[in-house]
Amino acid sequence: MNATRGAVVPALLASILLAGCASGGNVRPAPAAAPDAVAPMPVPATATDPAPPAADSGDSPGAPVADSEPTAAELDFEAIYGTPADAGGPVGSTPQDPWERYNRRVHGFNNVLDQTLARPLARAYVAVVPDPLRTGVRNFFNNLRQPVSALNALLQGKPKEAGKSVGRFVLNTTLGVGGLFDPASDAGLPYSSEDFGQTLGVWGWKNSRYVELPFFGPRTVRDAVGLAGDAPLSPVRQINDDTVRIGVQGLQLLSLREQLMAIDSLREGAADDYALIRDAWMQRRQYQIFGDRGDDSDLPDYLLEEEPPTIPADSIPPDYF
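Residues numbered from 1 in each chain as written. Predicted model: local features only at pLDDT ≥ 70, side-chain atom pairs only at ≥ 80, totals over all residues. Heavy atoms only, no water.

### Some words on the overall build of the protein
- The number of helices and strands found in the protein is 12 helices and 2 strands.
- Listed N to C, the secondary structure of the protein is α-α-α-α-α-α-α-α-α-β-β-α-α-α in terms of helices and strands.
- Expressed as a percentage of the 321 residues in the protein, the buried residues total 46%.
- Taking all contacts inside the protein whose residues are at least 6 apart in sequence as the whole, residues at least 24 apart take part in 79%.
- Total accessible area computed for the protein in this model is approximately 15700 Å², and 61% of it derives from carbon and sulfur atoms. (Helix = DSSP H or I, 4+ residues; strand = E, 2+ residues; numbered from the N terminus. Buried < 20%, exposed > 50% of the residue type's maximum accessible area, 1.4 Å probe, protein only. Contact = heavy atoms within 4.5 Å. Areas by Shrake-Rupley, 256 points an atom, 1.4 Å probe, with all protein chains shown as cover.)

### Observations concerning the pattern of salt bridges
- By the definition in use, this model includes 17 salt bridges.
- The shortest N-O distance in the salt bridge between Arg278 and Asp97 comes to 3.0 Å. With Arg278 in helix α12 (residues 273–290) and Asp97 in the loop between α3 (72–81) and α4 (100–128), the pair connects residues that are 181 residues apart, well separated along the chain.
- Since its relative accessible area comes to 11%, Asp97 is described here as buried. (Salt bridge = Lys/Arg side-chain N within 4 Å of Asp/Glu carboxyl O.)

### What to know about helix α9 (residues 196–203)
- In terms of burial, α9 is a largely internal element, 6 of the 8 residues being buried.
- Inspection of α9 places Phe196, Gly197, Gln198, Thr199, Leu200 and Gly201 among the buried residues, and these make up the whole buried set.
- At its buried positions, α9 is contacted by α6 (146–155), α10 (221–230) and α12.
- Immediately downstream of α9, the backbone of Gly204 shows phi near 130°, a positive value.

### Some remarks on the nonpolar core
- Core analysis: the biggest nonpolar cluster contains 13 residues, and Phe216, Ile311 and Ile316 have the highest contact counts within it.
- Those elements that place two or more of their residues in this core are β1 (210–213) and α11 (242–260).
- Broken down by element, the residue count for this core peaks at 3 residues, all from α11.
- Formed by 6 residues, the second largest nonpolar core is a distinct cluster that contains Tyr125, Phe141, Leu144 and Val236. (Core = buried A, V, L, I, M, F, W, Y, C linked by side-chain atoms within 4.5 Å.)

### Considerations on the environment of Trp205
- Following the sequence through the fold, Trp205 ends up in the loop between α9 and β1.
- A sequence separation of 17 residues divides Trp205 from Arg222, and the C-alpha atoms of the two residues are 7.3 Å apart.
- In contact with Trp205, other than residues within four places in its own chain, are Leu200, Val221, Arg222 and Val225.

### Digging into α4
- The first and last C-alpha atoms of α4 sit 39 Å apart over 29 residues, in line with the 42 Å expected at 1.5 Å per residue.
- Along α4, the sharpest kink reaches roughly 50°, centred on Asp114.
- Within α4, burial applies to Asn103, Val106, His107, Asn110, Asn111, Leu113, Asp114, Ala118, Arg119, Ala122 and Tyr125. (Expected span 1.5 Å × (residues − 1). Bend = angle between axes of the 7 residues up to and from the residue.)

### Points about the pairing of β1
- Burial of β1 is two-sided: the residues Tyr210 and Glu212 facing one way and the residues Val211 and Leu213 facing the other way are all buried.
- Where β1 folds back on strand β2 (residues 217–220), the antiparallel hairpin that results is connected by 3 residues, among which Phe215 adopts a positive phi of roughly 75°. (Pairing = 2+ DSSP bridges.)

### Observations concerning the side chain of Arg168
- Of note, Arg168 is situated in helix α7 (residues 159–174).
- At a separation of 3.1 Å, a polar atom in the side chain of Arg168 contacts the side chain of Asp182.
- Discounting chain neighbours no more than four positions away, the residues touching Arg168 are Asn143, Gln146, Asp182, Ala184, Ser185, Leu189, Pro190 and Tyr191. (Polar contact = N/O pair within 3.5 Å; in protein donor to acceptor, adjacent residues only side chain to side chain.)

Here it is as structure tokens:
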């Protein structure tokens, strides 16, 4: 049994490192331009500069110089989610990543597992399982997360959203045949996902250090603590039979990785794959916690999806915590 878990679940967990790309990402947000009132003058690079300046190309002193042309995904992300300042961070800031050297090593490890095992398994899943069945699997696991989402919405002071999540769970569990179908969306009860990491953010833990975990991918310290809060309430983790539980968790991870296949191409051509995922994940997470900023009516649907951007607590084996 341990061998089964070692061969399937940990490898599939590596797929989550792509989840931060659900909306693409901005490799390196450009720092704000110097005010016009300040006389232009050369400023030597320091250890805290976002990037060393390129050779003089005739631009005015102090103007940011990109390492390379941004990809379409990076431009899309900046146009939609903005810079860290737009997401609530200080002007010119970068994600809080003091453990970058460690995180990059883990990122490389996760990438290897994803490319050699998780992605091929997801492609086989798509090739073998018809789309209606894959949609049913996705609906089923989304439905299982609604009670935890409702509780967290209530803890965040959003009773109306909590009520919608409860109503959605009841409707999909009954009329939706255990959650395989989604009549709740047609009834005006859209899917929403709230977790304890988001709750901690609403309670005041706004800034947290970024960390990439082996198998589990992008997190912050706050969100890692949030996992421990959500895990005891997970229906899947309550399954006592290891064989059944591991099979259900493996299916859930396959479904998650299959959803992420559509955005694999967004990573192609990125100047720095690690920074792309880190920055996209951090800014999208900030967006999830602190809500909408303006009119979302013109945004692509895939960037507004409430699908889990990281491995949910119910997919993590109980032995981890």
